[in-house]
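Read off the chains here:
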Amino acid sequence: MNSPGSTIAAIATAVAAGVGSVAIVRISGPEAQAVGGRVFRPAGGGRQVWESHRVQYGHVVEPASGEVLDEVLLLYMQAPRSFTGEDVVEFHCHGGMICVQRVLEQVLSNGAEAAAPGAFSQRAFFHGRLDLTRAEALAQVISARSRRAAALALAGLDGGICRPIEALRQQLLEQLAQLEAHLDFEDDLPSLSPDVVRKNLQAVAEELSRLVKDSRQGQCLQRGLRVAIIGCPNVGKSSLLNYLTNHDRAIVTDLPGTTRDTLEAEFSLRDVPITLVDTAGIRKANNPVEKLGIARSRQVLKQVDVIILLFDINLGWSEADQALAHEIPEDVPYLRVGNKVDLLDQRKARPNDKLESSLTISTITGQGMEDFTDALLRCCGLTDLERLDTSLNDRQASVAQKAIEALARLEDTAKAELPWDFWTIDLRDAIHRLGEITGKEVSESILDEIFSKFCIGK
Ligand SMILES: Nc1nc2c(ncn2[C@@H]2O[C@H](COP(=O)(O)OP(=O)(O)OP(=O)(O)O)[C@@H](O)[C@H]2O)c(=O)[nH]1
Ligand SMILES: [Mg+2]
């Protein structure tokens, strides 16, 4: 991490050859203007005009030799009216990789230090520009992989997490003040009903539980799901991957044992980002290459959030399918899906009555795909995505869970009819936890850990 008073710099945009027409080098700190001034030369040799929130046009040069490193726009934002709350200078360079990197190198050799990951956001937090939940939402906006995920993150940026958590914390603080007043001035105050206090605390715990429950769905939207298609050879696994991704990604033939390696493709299913893994059909194989592929299929079983166990509905659910189902680890949910139902319709036969209720699809006609999508999302606990308007991230949910546990201990204290001062211990803990979510009460080491997960330049 950078020391607090230092002037830091980093490239704030993605760096890749041939991509992006603009790339930004951002400098923040007390020396930002001095550092920027050393390497910037205004066009036409005029003097530098350092007015806040005004753009200058010119070049970044190597000061000693005068070599031009890039043609830039310079934007100066004086403290506190900047993202970090400090003096900020931005060089808007040409996109790509080389020029912007050379500009950064020059800035770093002229008095700025390289910004650690998340350093700009951390400074914004320290200067009160953002609370912790908004800073985290910002990182989620950047990493969003679907429109829904971006919308959730933007809601967090708008205070969608901070506001309800802060309101609950206020309720607990008021309760604590009331209990403490009773401890100090019991005789002068009207008596306090333990039942009323309990009800208030229970209401807070319930609201927190709802937020934690919703966060599981929100995190699926943010992080996405890893889904594997597993099954015997030739049942149509690769065809299903091609159908869902709407792309001729995997080789499909009528020969069993076509797929020899695992193959991944990304797509969105009702706005849930999904990484779909196609696997080699599992059977007893002699071919050494196929054997290796099958070993990989078995590895995949342990590395995904959910499994689609595909079988051929015309052949019915076989012993081999049942054996495969047994191989799926207990904690991984799976969905049994019968493929090639189009052929079954033609013969008007149902080879296995037991499967009447099971999901059937066709990767050729698209039959059954809506129900299949519903079932897949339900299998992952994604039942009412439309209702979701904000979502705690992993860290916030686990801290909220600790607050819920503190309130549960308080409930035990209440049941045991212990005196008020026992109540205040866990109440303080719950308040502290909620402060940890918004950043009102959080240690420096936790902050360092949170911001270190951000990208460089953010
Ligand atoms: N009629 C019909 N044929 C299908 C359907 N899905 C796949 N097939 C055919 O079944 C054959 C096998 O399809 P694949 O997608 O290669 O099967 P796979 O499970 O990936 O096979 P392996 O990679 O060998 O394990 C191909 O000839 C497909 O065209 C379907 O829904 N209906
Ligand atoms: Mg295949």
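Parameters and conventions
- Residues numbered from 1 in each chain as written.
- Chains lettered and ligands numbered in written order.
- Predicted model: local features only at pLDDT ≥ 70, side-chain atom pairs only at ≥ 80, totals over all residues.
- Heavy atoms only, no water.
- Domains from an automatic or database assignment.
- Contact = heavy atoms within 4.5 Å.
- Buried area = accessible area lost by both parts, 1.4 Å probe.
- Salt bridge = Lys/Arg side-chain N within 4 Å of Asp/Glu carboxyl O.
- Helix = DSSP H or I, 4+ residues; strand = E, 2+ residues; numbered from the N terminus.
- Buried < 20%, exposed > 50% of the residue type's maximum accessible area, 1.4 Å probe, protein only.
- Near = heavy atom within 4 Å.
- Polar contact = N/O pair within 3.5 Å; in protein donor to acceptor, adjacent residues only side chain to side chain.
- Areas by Shrake-Rupley, 256 points an atom, 1.4 Å probe, with all protein chains shown as cover.
- 1 Å grid on protein atoms, 1.4 Å probe; cavity = no way out; pocket = protein on both sides within 12 Å on 5 of 7 lines; lining within 4 Å.
- Sits in = over half its atoms within 2 Å of the grid points.
- Nonpolar A, V, L, I, M, F, W, Y, C, P; charged D, E, K, R; others polar.

Colleague: I keep staring at the domain arrangement of the chain and nothing clicks. Help me out?
Modeller: Interfaces are frequently sized by the accessible area removed from exposure as the parts join. Examined at the domain level, the chain breaks down into domain 1 (8–131), domain 2 (147–220 + 391–452) and domain 3 (228–387). Put simply, the middle of domain 1 and the middle of domain 2, counted by C-alpha atoms, are 41 Å apart. Each side of the interface is counted separately: domain 1 has seven residues, and domain 2 has eight residues. With both sides pooled, the region where domain 1 packs onto domain 2 buries about 670 Å², and carbon together with sulfur makes up 67% of that total. Contact with domain 2 buries area across many residues of domain 1, yet Gln122, Phe125 and Asp131 alone supply 64% of it, more than any other trio. One can count zero salt bridges joining domain 1 with domain 2.

Colleague: Looking at this structure, I do not really get the environment of Ser452. What am I missing?
Modeller: Locating Ser452 in the fold gives a position in helix α15 (residues 444–452). Residue Ser452 is classed as partly exposed on the basis of its relative accessible area, which comes to 38%. It is 7.4 Å that separates the C-alpha atoms of Ser452 and Ala116, two residues lying 336 residues apart in sequence. When near neighbours in sequence (up to four residues on either side) are disregarded, Ser452 contacts Met1 and Pro117.

Colleague: Could you clarify how one ought to interpret the site of ligand 1 in this entry?
Modeller: Around ligand 1 sit 23 residues in total, of which Lys237, Ser239, Gly257, Thr258 and Thr363 are the nearest. Here an oxygen atom of ligand 1 sits 2.7 Å away from a polar atom, N or O, in the main chain of Thr258. Here an oxygen atom of ligand 1 and a backbone polar atom of Gly281 are 3.2 Å apart. Contact with the protein chains hides 89% of the accessible area of ligand 1, taken as 650 Å² for the molecule alone. When atom positions are compared with the pocket grids, ligand 1 is found to occupy the second largest pocket. Those elements giving two or more residues to the shell around ligand 1 turn out to be α8 (237–245) and α11 (341–347). Top contributing element to the shell around ligand 1 by residue count: α8, with three residues. Here the shell around ligand 1 is composed, by residue class, of seven nonpolar, twelve polar and four charged.

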